[in-house]
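# Chain and residue survey
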Amino acid sequence: MTTLPAVRRRRLPRPLVLSGILLVLALAVVLSVCVGGMPTTPAQVMGALFAPTGTDADLAITRLRLPRTLLGIVVGACLGLAGTLVQGHTRNPIADPGLLGIFQGAALAVVLVAALGNPSGLVQAGFAFVGALAASTLVFAIASRVRGGATPVTLVLAGVAVSAICGALVTAIVLVNLDALDTLRFWQVGSLATRNGAIAYMWPFAILGIVLALVNGPALNALALGPDAAAALGVSRKRARIVGVAAITVLAGTAVMLAGPIAFAGLIVPHLARAAVGSDYRWQLPAAAVIGSAVLILADTVGRVIARPGELSVSVVLAVVGAPFFIALARRRRMASL
């Protein structure tokens with residue numbers, strides 16, 4: 001008895017797929033600007049953008065929706081790229097930037113500065129960025145001290161250890177300082193509501209992280225073939241790890257400073273990008289940046305609509321809507337594998 005050969009599914013050309021993803025992002029931007037807690041008509045949106053008169057609708061569109069849409073583009077791209085790099089370097093399909101201690105390091109810095117005084121939102125955001133950088137740098141330093149240098153296993157173990165230490169210190173501080181507890185409760189709710197004006201200072205870091213991530217793509221392709229194959233291709237594993245961790249640190253630190261901890265985007269977006277354009281990181285990384293922006297903007301828009309006149313934070317919407325979707329992805333071995 002003979003069996004029919006398996007039919008290989010034909011993949012659409014990657015430039016065409018990436019163009020489609022960009023179109024989805026453009027539609028998400030339009031929805032974010034046009035839809036919100038205050039009902040607005042297309043005529044009001046056009047008037048606010050090109051001929052504002054100072055009405056409530058004009059203010060809602062230009063001072064609330066446009067800034068948070070821009071913030072969603074930047075933060076989503078940072079988280080999408082950071083998550084893709086983390087999963088690529090650790091060879092772990094359920095890893096996210098928090099695996100390197102970035103979120104816990106930022107939380108520790110926030111509660112420390114809150115316990116020492118009453119800082120402004122911008123100062124808190126700056127300390128969150130510094131804490132994220134310090135935690136990830138410590139993780140890489142610990143992992144590099146092990147024989148053989150920083151490997152996927154040592155990076156994960158060092159990240160877990162640093163996250164545990166930072167989490168314990170955060171708990172100890174908030175138990176004895178009510179100001180730090182209040183600050184942590186507010187900061188932990190990741191949101192695109194612009195509350196500190198940090199984007200004016202952070203865009204160079206976002207650009208730096210994006211450039212480092214894209215530069216790291218070809219090296220990740222070589223590392224995926226194994227250390228011997230990478231060496232034969234002239235790729236330095238140590239240099240690739242340093243560039244990758246630096247990109248992850250800057251990208252995730254920027255996202256944390258701008259919007260607080262939004263962990264789920266860095267977990268799910270790499271899977272969506274991999275399903276769309278395949279495992280070639282030269283294409284997967286740009287796709288992850290665009291998909292991350294679209295996902296974050298759409299989640300923020302949904303949060304503004306379903307809880308009128310209030311809103312749900314983007315992190316809550318991503319967790320509620322995205323968790324079942326991620327479970328479905330994880331059940332498909334082909335999509336969950338790296």
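Reading guide: rules and limits
- Residues numbered from 1 in each chain as written.
- Predicted model: local features only at pLDDT ≥ 70, side-chain atom pairs only at ≥ 80, totals over all residues.
- Heavy atoms only, no water.
- Bend = angle between axes of the 7 residues up to and from the residue.
- Helix = DSSP H or I, 4+ residues; strand = E, 2+ residues; numbered from the N terminus.
- Buried < 20%, exposed > 50% of the residue type's maximum accessible area, 1.4 Å probe, protein only.
- Core = buried A, V, L, I, M, F, W, Y, C linked by side-chain atoms within 4.5 Å.
- Contact = heavy atoms within 4.5 Å.
- Expected span 1.5 Å × (residues − 1).
- Polar contact = N/O pair within 3.5 Å; in protein donor to acceptor, adjacent residues only side chain to side chain.

### Quick word on helix α8 (residues 199-224)
- Considering bend angle alone, the principal kink of α8 is centred on G217 and spans about 40°; proline P218 follows within four residues of it.
- What α8 keeps buried is the set M202, A206, G209, A213, N216, G217, A219, L220, N221, A222 and L223.

### Re the nonpolar core
- Counting residues in hydrophobic clusters, the biggest one holds 84 residues, and the most contacted among them are V75, L85, I102, V111, W187, L296 and L318.
- For this core, the element with the highest residue contribution is helix α12 (residues 281-306), accounting for 12 residues.
- For L85, the residues in contact, after removing those within four places along its chain, are A213, N216, L220, G244, A247, I248, L251 and L285.
- Counting residues in each nonpolar core, the second largest holds 5 residues, with A222, L223, A230 and A240 among its members.

### Some remarks on the side chain of T254
- Mapped onto the fold, T254 is located in helix α10 (residues 237-259).
- Judged by its relative accessible area of 0%, T254 is buried.
- When near neighbours in sequence (up to four residues on either side) are disregarded, T254 contacts C78, F129, M202, F205 and A206.

### Observations concerning helix α4 (residues 102-116)
- The end-to-end C-alpha separation of α4 is 22 Å, in line with the 21 Å expected for 15 residues at 1.5 Å each.
- Among the 15 residues that make up α4, 11 are buried, leaving the element largely enclosed by the rest of the structure.
- All buried positions along α4 are accounted for by I102, F103, G105, A106, A107, L108, A109, V110, V111, V113 and A114.

### Points about unusual backbone geometry
- Even without glycine at this site, R91 takes up a positive phi of about 55°.
- You can see R91 is positioned in the loop between α3 (56-90) and α4.
- By relative accessible area, which is 33% here, R91 ends up partly exposed.

### Here's the deal with the side chain of D280
- Mapping D280 onto the fold places it in the loop between α11 (263-277) and α12.
- According to the relative accessible area criterion, D280 is buried, its value standing at 12%.
- A polar contact of 2.8 Å, which involves the side chain of D280, links it to the side chain of R282.
- Non-local contacts of D280, meaning those with residues more than four positions away in its chain, are made with R14 and N221.

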